[in-house]
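Topology and contacts: notes
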Amino acid sequence: MNEKEQKAAAKEFARKWAGKGYEKGESQTFWLTLLHDVYGVEHPDEFITFEEQVHLDHTSFIDGHISATKVLIEQKSMDKDLEKPIRQSDGSYLTSFQQAKRYVTELPVSQHPQWVVTCNFQEFHVYDMEKPGGEPEKIKLKDLEKEFYRLQFLVDAHKTHVAKEMEVSVKAGEIVGLLYDAFQKEYKNPESDETLKSLNKLCVRLVFCLYAEDAGVFGKHSMFHDYLVQFETRRMRKALIELFRVLNQKEEDRDPYLDDDLAAFPYVNGGLFMDEDIEVPQFTDEIRTLLLDRASADFDWSEISPTIFGAVFESTLNPITRRSGGMHYTSIENIHKVIDPLFLDDLRDELEKIKGTKVIARRRKKLLAFQDRLASLYFLDPAAGSGNFLTETYLCLRRMENEVLTLLMNRQMAMGFEGLSPIKVGIGQFNGIEINDFAVTVAKTALWIAESQMMKETESIVMMDLDFLPLSTNANIVEGNATRIDWGDVVPKDKLSYVISNPPYVGARYMSQAQKSDMSHTFAGWKNTGDLDYVSCWYKIASEMMAGTGIKTAFVSTNSVCQGSSVANLWKPLLQGGAHIDFAYKTFVWDSEASTKAHVHCVVVGFSASPSDKPKKLYNGDRYRMVGHINAYLSDADDVFIESRSKPLCDVPEIGIGNKPIDNGNYLFEKEEMEEFIKVEPSSRKYFHPWYGSREFIGQNPRYCLWLGDCTPGELRKMPECMNRVQAVKDYRLKSPSPGTVKLAETPTRFHVENMPNTTYIVIPKVSSENRNYIPMGFMTSNDLCSDLVFLAPNTTLYHYGILTSSVHMAWMRAVCGRLKSDYRYSKDIVYNNFPWPNPTEGQKQVIEDTAQGILDARALYPDSTLADLYDELTMPSQLRIAHQANDRAVMEAYGFPDKGFTESDCVTELMKLYQKLAQGK
């Protein structure tokens, strides 16, 4: 089904179901028809299951479950409000989504959904479970004709061939790793730089030969294997060196008396076999078996994905990545998050329109022009690594070109090529900069393998033999530091079309001296760059290169570039300098294939310097919505830059961090340690106070602090154990390399930072899980001491608490805060001090105070539960949820926000408008 047919089917489906829908009688018909008629599922009754029993009470059933695409459906009748809590059999009140989440816990982990869809026939609410605290995407039935693509996830199961390519490519990487280790043991100096360079080149050459014999590049299957197998182990080294020499010689330059088995190998070119000085060690029986049996006879290299394998190969052999635990590369799926919205989607749409041209001669002319257009596009990856962005892009363009050739070769438009190659797209269009010399070689090899694979596909289309060897084209991958090289020297600006990359992930506090120097060089003359991550260099250089051109750029990068202070420090100059964001993916988790399974939280930002009124795509997970503008916080709102502010924007109490002892732990105790200390020193009891950081506060499990700052010298001298602690703190501070800390040794009973309000105060954890809809906050007494891992808000009331704990403040926080991985990192100068408070009437203020007290009362009903328990979305008590919802409504009324149909994105948009108004007034 093409897009036009799907659009028509969606229109008809929406017309048929408009204004009707009963949960018990029509749900199954609704979903079966949707899947069959609109999304082309031939046997929908086998694709979706209904009424699966869950074990909550043996009377609960999952309305719909699509296991293939990990979708759980909670269906309601047409008259039901999907966001309104409904009374359950246990007396609690849950929304449709909360009800669905209950069911999730009863499913095996392997069956947990990625998507939860709540539906009332007239509206679909789609929740991405990778973002459990996020707001749903909403699709109205009446809009399905133009928004049918937003439900495509219902049927798009993970592509089997991609999983197969991944499996084969990773296995290939494992084989290369075994060969690498076996060869390295035979070198005279196995750890020297010279040895490692030779070993890397040797492995690259072996991989090319193994691929070439399986893919038919050498002209005969198993040719490499059959040549080497005839030699005894002790003679294989010499035979391999002789083969490398022959592969680098043109036929006319070879010894006319060369053995036939060597003479049969083609000339390769491309520089792969040029260096004759590489060191090749002696073979062993282990190496012989690995190479001839496991790597050659037992494995088919023609099935590898050059995109995946290039990265696996580089990670397998690069000594740095080998030491750090293994592979770490951008998946094909994440590469397409960059290249699809940047240019591939438009190219596919253009080709589809051409295919719809009725006049044959005109269609042929358009197809040829489109092929020329593909061949005119030039790409640059300024952090190329193993070349997987360039390789995947090349494969996509060549597949598109092969589709063009298929159309040109049909009976109506048959054309001859008169001895010329029909292929116009070449790897010479793909350029890169990479600092690692070995990765440069791997990137070129991956592109050669991709070129070979695509040429085979083209041969089957045009029915002619095409010569892959000798290698006549070469990818322009330059070895160098991308922050120092002029990108225009690699590919001229007037030739370049797109910049695509996955630049290095190095935080502001983790850069090497060389990287800090790169930052200083790149941002010379800029202010406030100390908190920017290393990846910011690539954004700045790309923006400068694009100025005055039609070049477009898209990067995968850590989400830090679109959060916290980075927005004002990086994006404000870039956007005011003419750049603008064309599309974006909000934060998603990028899993490496490393054994440590590191989780990196990323965004994709597509930007350019040429203004456009065209609607922008803003992605959240695999779904997107069209918006008029995307700002640097990746929100559908005007450009706003929340800059660091030392005082609150509004007339509200100031907040500050808690206490910072600098005591080497001498004043901090677990409960049992404190009790033992008091047994020895009973007089110390009155100097102990509960001690809370973020973890202790949310877990409601304090440590204890020995605070001797108010202790008189006479009292202190009567407590020898306390004196020992004071002496230990003094000694620790005196040994510090920091002059400020050494100065503190003069007052060892005092803290570096002291913040001890003499009244009750609000505590705000600095870091809180993204899985919570609300950051747990609460009141503390003057007897409680807090660490610098929380913020303290003294002189605050229930009104302030009600505003801070509301969904409105949480929406603001989520939009502008920094992140620790994906967890919320609350800040004083960005989040709190810039927050635009409402201007309520006295009546509205009183209602907020009442609802805030209601939250505290609901929490008090569960004295044995921690705040982590109470604010877990799966275990949050209904009384607490209702209390928060009442508080949210009261706060929204104080702002003048509508109670229904007002999304979190709408809330952020309105808050940013209010912020601008208040900031301008300041």
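1. Here we look at the overall build of the protein
Regarding its fold elements, the protein presents 33 helices and 28 strands. In terms of overall dimensions, the protein is globule-like: its C-alpha atoms have a radius of gyration of 32 Å, near the 29 Å expected for 922 residues. Along the three orthogonal principal directions, the C-alpha set of the protein runs to about 100 × 75 × 60 Å. Of all 922 residues assigned to the protein, the portion counted as buried reaches 55%. Across the protein, contacts joining residues at least 24 apart in sequence account for 71% of those joining residues at least 6 apart. Of the roughly 41,100 Å² that the protein leaves accessible, carbon and sulfur atoms contribute 48%.

2. Some thoughts on the sheet that holds strand E24 (residues 778-780)
The four strands are arranged E18-E26-E22-E24 in an open sheet whose pairing can be described as antiparallel. Unpaired on one side and paired on the other, strand E18 (656-657) and E24 mark the two borders of the sheet. Relative to strand E26 (residues 790-794), E18 runs antiparallel, the two being bridged by two bridges. Looking at the pairing, Ile657 lines up with Phe791 of E26.

3. Quick notes on the packing of aromatic side chains
Per the stated rule, a full pass over the model turns up 46 aromatic pairs. When the centroid spacing of 5.1 Å and the interplanar angle of 75° are considered together, the rings of Phe299 and Trp301 count as edge-to-face. We note that Phe299, like Trp301, is buried. Residues Phe669 and Phe688 carry aromatic rings whose centres are separated by 5.1 Å and whose planes lie at 80° to one another, so their mutual orientation is edge-to-face. Remark: Phe688 occurs in strand E20 (residues 688-692) and Phe669 occurs in strand E19 (residues 668-669); sequence separation between them is 19 residues. Take Phe669: its relative accessible area is 3%, and that puts it in the buried class. For Phe688, a relative accessible area of 8% translates into the label buried.

4. Re the pairing of E26
Burial of E26 is extensive: five of the five residues sit out of reach of the surface. Residues of E26 alternate between two faces, with Val790, Leu792 and Pro794 on one and Phe791 and Ala793 on the opposite face, all of them buried. Two strands pair when backbone bridges link them, and strand E22 (residues 761-765) and E26 are joined in this way by five bridges, in the antiparallel orientation. Bridge pairing in E26 links Val763 to Leu792.

5. Side note on the packing of helix H7 (residues 193-215) against helix H9 (residues 233-247)
As a packed pair, H7 and H9 sit with axes 12 Å apart at the nearest point and diverge in direction by 75°. One finds that H7 runs roughly perpendicular with respect to H9. The residues of H9 that touch H7, namely those facing Leu202, Arg205, Leu206 and Cys209, are Leu240, Phe244 and Leu247. Looking at the contact of H7 with H9 residue by residue, the class counts come to six nonpolar, no polar and one charged.

6. Thoughts on the sheet that holds E19
If you walk across this open sheet you meet the four strands as E19-E21-E20-E25, and the pairing is mixed. Whereas interior strands pair on both sides, the edge strands pair on one side only; in this sheet they are E19 and strand E25 (785-786). Note: E20 against strand E21 (residues 703-706), four bridges, orientation antiparallel. Opposite His689, over in E21, you have Cys705 as the bridge partner.

7. A few points about the nonpolar core
Judged by nonpolar contacts, the single largest core of 112 residues is most densely connected at Trp487, Tyr539, Trp571 and Tyr826. Residues within four places of Trp571 in sequence aside, it is in contact with Tyr539, Val561, Cys562, Ser566, Gln576, Ile581, Val605, Phe607, Ala632 and Phe641. Within the second largest apolar cluster, 105 residues are counted, among which are Val176, Leu397, Met400 and Leu405.

8. Considering helix H32 (residues 878-895)
A turn of α-helix holds 3.6 residues, and therefore any two residues three or four places apart point the same way. An ideal rise of 1.5 Å per residue puts 26 Å on 18 residues; H32 measures up with 26 Å between its terminal C-alpha atoms. Every buried residue of H32 is listed here: Ser878, Leu880, Arg881, Ala883, His884, Asn887, Asp888, Ala890, Val891, Met892, Ala894 and Tyr895.

9. So, the side chain of His884
Residue placement: His884 occurs in helix H32. For His884, the contacting residues outside a window of four places in its chain are Tyr774, Thr805, Ile855, Tyr871 and Met876.

10. Topic: the pattern of salt bridges
All chains considered together, the criterion is met by 37 salt bridges. Notably, a salt bridge pairs Lys617 with Asp345, separated by 3.5 Å at the nearest N-O pair. Of the two residues, Lys617 is situated in strand E16 (residues 616-620) and Asp345 in helix H14 (residues 332-355); the sequence distance between them amounts to 272 residues. The partner of Lys355 in a salt bridge is Glu352, and the shortest N-O contact between them spans 3.0 Å. Of this pair, Lys355 and Glu352 both sit in helix H14, three residues apart, roughly one helical turn. Residue Lys355 is classed as partly exposed on the basis of its relative accessible area, which comes to 31%. Each of Asp340, Asp345, Arg348 and Lys617 takes part in a single network of salt bridges with overlapping partners.

11. Considerations on the side chain of Ser501
Turning to its location among the elements, Ser501 is positioned in strand E12 (residues 498-501). In terms of polar contacts, Ser501 uses its side chain to reach the side chain of Asp381, at 2.6 Å. A distance of 3.4 Å separates the side chain of Ser501 from the backbone nitrogen of Ala383, its partner in a polar contact.

12. Considering the pairing of E12
Because side chains alternate across E12, one face comprises the buried residues Tyr498 and Ile500, and the other comprises Val499 and Ser501, equally buried. Both strand E9 (residues 379-381) and E12 contribute to a ladder of two bridges, which runs parallel. Directly across from Phe379, in E12, lies its bridge partner Tyr498.

13. Things to note about unusual backbone geometry
The phi dihedral of Asn528 is positive, around 55°, even though this residue is not glycine. The topology assignment puts Asn528 in the loop between helix H19 (513-522) and helix H20 (536-546). Positive phi, normally seen in glycine, also occurs at Asn664, with a value near 55°.

14. Some thoughts on the packing of H19 against H20
One way to put it is that H19 packs onto H20 with a least axis distance of 10 Å and a crossing angle of 30°. Between H19 and H20, the interaxial angle falls into the category roughly parallel. The handedness of the crossing between H19 and H20 is left-handed. Across from Asp518, Met519 and Thr522 in H19, the residues of H20 making contact are Cys537, Lys540 and Ile541. Counted by class, the contact of H19 with H20 contains three nonpolar, one polar and two charged residues.

15. Here's the deal with H20
For H20, a buried count of ten out of eleven residues is recorded, marking the element as mostly surrounded by other parts of the structure. Buried within H20 are the following residues: Ser536, Cys537, Trp538, Tyr539, Lys540, Ile541, Ala542, Ser543, Met545 and Met546.

16. Section: a negative patch on the surface
There is a patch of like negative charges on the surface, built from Glu670, Glu672, Glu673 and Glu675. Considering the arrangement of structural elements, one finds Glu672 in helix H22 (residues 671-680). You can call Glu672 exposed: its relative accessible area is 55%.

17. Some remarks on the confidence of the model for the protein
When pLDDT is averaged along the protein, the result is 87, and 90% of the positions lie at 70 or above. Taken together, the stretch residues 321-328 has pLDDT below 50 and engages in 24 contacts with residues farther than four places along the chain or on a different chain. Between residues 592-598, whose pLDDT stays under 50, and residues either more than four places distant or in other chains, the model counts 14 contacts.

18. Quick notes on the environment of Phe430
Secondary-structure assignment places Phe430 in strand E10 (residues 430-434). Aside from chain neighbours lying at most four places away, what touches Phe430 is Phe379, Leu390, Thr393, Tyr394, Leu397, Ala475, Asn476 and Ile477.

19. Some remarks on the state of the cysteines
One covalent bond between the sulfur atoms of two cysteine residues makes up a disulfide. Applying the stated criterion to the full structure yields zero disulfides. Cys650 forms no disulfide, and the closest cysteine sulfur to it belongs to Cys907, at a distance of 14 Å. On the accessibility criterion, Cys650 (16% relative accessible area) is buried.

20. Things to note about the environment of Thr95
Among the structural elements, Thr95 can be located in the loop between strand E5 (93-94) and helix H4 (96-105). Taking relative accessible area as the criterion, Thr95 reaches 11% and is therefore assigned buried. C-alpha of Thr95 to C-alpha of Ile762: the two residues are 667 residues apart in sequence and 30 Å apart in space. The residues contacting Thr95, other than those within four sequence positions of it, are Leu82, Glu83, Lys84 and Pro85.

The rules behind these values
Per chain, residues are indexed from 1 in the order of the written sequence. Only residues with pLDDT of at least 70 are given local features in this predicted model, and only at 80 or more are side-chain atom pairs given and counted; all residues enter the totals for whole chains, interfaces and linings. Each side-chain value is derived from all of the structure's non-hydrogen atoms; neither hydrogens nor water enter the calculation. A helix here means a DSSP run of H or I that spans at least four residues, while a strand means a run of E at least two residues long, and both kinds are numbered starting from the N terminus. Between the two quantities, the radius of gyration covers C-alpha atoms and the globule rule is 2.2 Å times the number of residues to the power 0.38. Accessible area is worked out with a 1.4 Å probe on protein chains only. A residue is then buried under 20% of its type maximum, exposed over 50%, and partly exposed in between. In this analysis, two residues are considered to be in contact whenever any of their non-hydrogen atoms come within 4.5 Å of each other. Values of accessible area rely on a 1.4 Å probe in the Shrake-Rupley scheme; residue burial ignores everything except the protein chains shown. By definition, two strands form a pair when at least two bridges between them are found by DSSP. Under the pairing criterion, centres of Phe, Tyr and Trp rings, with the six-membered ring standing for Trp, must be within 6.5 Å; the plane angle then separates stacked pairs below 30 degrees from edge-to-face pairs above 60, leaving the rest tilted. Orientation is described by lines fitted to C-alpha atoms, with helices fitted over the stretch in contact, and by angles between N-to-C directions that extend from 0 to 180 degrees. To sort the angles, those under 35 degrees are grouped as roughly parallel, those over 145 as roughly antiparallel, those from 65 to 115 as roughly perpendicular, and the leftovers as oblique. The residue classification treats Ala, Val, Leu, Ile, Met, Phe, Trp, Tyr, Cys and Pro as nonpolar and Asp, Glu, Lys and Arg as charged. All others, Gly included, are polar. Nine residue types can take part in a nonpolar core, namely buried Ala, Val, Leu, Ile, Met, Phe, Trp, Tyr and Cys, and a core is a set of them joined through side-chain atoms within 4.5 Å. Expected span, for any helix, means 1.5 Å times one less than how many residues it has. The rule for a salt bridge is simple: a side-chain nitrogen of Lys or Arg has to be within 4 Å of a carboxyl oxygen of Asp or Glu. For this analysis, a polar contact is any N or O atom pair within 3.5 Å, provided that within protein one partner can donate a hydrogen and the other can accept it, and provided that sequence-adjacent residues contribute only side-chain to side-chain pairs. Here a crossing is called left-handed whenever its near helix is offset anticlockwise from the far helix by less than a right angle, and right-handed whenever the offset is clockwise. Patch rule: a residue counts if its relative accessible area is over 30% and it has no salt bridge; like charges are joined within 9 Å, and nonpolar side chains (Val, Leu, Ile, Met, Phe, Trp, Tyr) within 5 Å. Two residue types count as positive, namely Lys and Arg, and two as negative, namely Asp and Glu; His and chain ends fall outside the count. Charged groups are reduced to one reference atom each: NZ for lysine, CZ for arginine, CG for aspartic acid, CD for glutamic acid. Residue-level confidence of the predictor is summarised by pLDDT, bounded by 0 at the bottom and 100 at the top. Note on terminology: disulfide denotes any pair of cysteine sulfur atoms within 2.5 Å.

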